[in-house]
Amino acid sequence: MAGKSKGILRILTVVSIVATLCVDVVMAVSGYNSAVSFVQNAMGIASSEMQTSGDSSTGITLTFLLPVQNPGLLEVTATINLKILSVGDEVIAEGVDSKRIPPGSSDELFVSLFVPPDKVEAFARGRIFLECRTLFDLVGISLSYEARREGPTP
Amino acid sequence: MKREEKGQLHDHEEVNRVWKMVILRKIIKAVLSAVLPIIILVVVPNVVSQRIPAEMLPFIEEMIPLHGLIMSISVIGVVLAILSFSLNMVDDWSLIKLLSSIASAFISFYMWLLLLGLGDPSRMGVTQLSVEIATITLDFRFFIILELLLLGISIFSAIVKFYFARKEHLAGR
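What this report covers is the structure whose coordinates are included nearby.

Rules and cut-offs
- Residues numbered from 1 in each chain as written.
- Chains lettered and ligands numbered in written order.
- Predicted model: local features only at pLDDT ≥ 70, side-chain atom pairs only at ≥ 80, totals over all residues.
- Pairing = 2+ DSSP bridges.
- Helix = DSSP H or I, 4+ residues; strand = E, 2+ residues; numbered from the N terminus.
- Axes fitted to C-alpha atoms, helices over the stretch in contact; angles between N-to-C directions.
- Contact = placed C-beta atoms within 7 Å.
- Nonpolar A, V, L, I, M, F, W, Y, C, P; charged D, E, K, R; others polar.

With that out of the way, let us pick up the sheet that holds strand β2 (residues 59-69) of chain A. The strands that make up a sheet are held in pairs by hydrogen bonds between backbone atoms, and each pair lies either parallel or antiparallel. Residues and elements named next belong to chain A. A sheet is described by the order of its strands in space; here three strands give the open sequence β1-β2-β5, paired in antiparallel fashion. Edge strands, defined here as strands with exactly one partner in the open sheet, are β1 (50-55) and β5 (106-115). Across this sheet, the average inter-strand angle for adjacent strands is 15°, counted without regard to direction. Taken together, the six bridges between β1 and β2 define a ladder with antiparallel strand orientation. Looking at β2, one finds that Asp55 is bridged to Gly59.

This is how it looks when you write it as structure tokens:
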């Protein structure tokens, strides 16, 4: 009985130590991975420019190209969501792009939006949402950035 | 007869010496186990926070209640140190050991809730940091699930250890 209980206790101790170590490693690696890839790609938003074409009579086409990188150790899912909103928070146009980026590689996220001529006047602001998720998309960091439309219709 | 008495006295002294050694070893082990949480959760965070450049502090404080967070972590460190000391001082069959182990596991879990919520444990791993017109969201809910799993394993392990130790102790009596 004593031998049996000692065996159970030994197994329990090993399981407990292994589980603690595994959790610590998973938290450290995935936390680091999502943080470095997020910082790298969020910095890219500042250097990327939104291209606009067309006018209020034909409608406006907005294109956004964001180079994304994964300097981490695990695969990252990078997602960009671009929304054009009216004053009353109504979504006028929306575009999404998502890519899986293997560790140590880079890619591009591309979003193209079309604002129809009848909605151009209502166009008040744009919202950029960037998300970097890792560890089978279980852990992630996201950024939501809002920019008001400046001046008259582009 | 005298030689026998002398021998018994010598044996008694030897038992006393061994007993003292065992107690001393227990105290050293308990003190060492209590020092670790003090270093990791009290000394390190306070030293690191003092090394943050003064011009960066208002910016950090705008997003995270840094002072409160470090204070809470320090208090948790002291409590964990006391629990760790008591854990190593009592026998395995003692109810104090079981309660200390369970309390220690719950406090560790609370500490993770506090850390992952950046000072607010009610956030349950989802934290939003607002900086002017941008909002950064940290989604670490999966880490909370992992910590919950560890909490379960720790409590189960403490109960099983206590059960077998108690059984052995009662059988020995």
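With that settled, consider the interface of chain B and chain A. Note on interface size: it is often stated as the accessible area lost on association of the parts. Each side of the interface is counted separately: chain B has 19 residues, and chain A has 22 residues. The set of elements that each furnish at least two residues to the side of chain B that touches chain A consists of β2 (134-139) and α5 (141-172) of chain B. Among the elements that line the side of chain B that touches chain A, the one with the most residues is α5 of chain B, at 11 residues. Of the residues contributing to the side of chain B that touches chain A, the split by class is 12 nonpolar, four polar and three charged. Bridging between strand β7 (residues 139-148) of chain A and β2 of chain B involves six bridges; their strand directions are antiparallel. Directly across from Ile141 of chain A, in β2 of chain B, lies its bridge partner Leu138 of chain B.

Turning our eyes to something else, we now look at the sheet that holds β2 of chain B. Strand order in this open sheet of six strands is β4(A)-β3(A)-β6(A)-β7(A)-β2(B)-β1(B), and the pairing throughout is antiparallel. Both edges of this open sheet fall to β4 (91-101) of chain A together with β1 (126-131) of chain B, since each of them pairs with a single strand only. Geometrically, the sheet is characterised by an average inter-axis angle of 15° between neighbouring strands, direction not taken into account. As defined by bridge partners, strand β3 (residues 76-86) of chain A adjoins strand β6 (residues 123-134) of chain A across 11 bridges and the pair is classed as antiparallel. In the sheet register, Ile84 of chain A faces β6 of chain A, and the bridge partner there is Gly126 of chain A.

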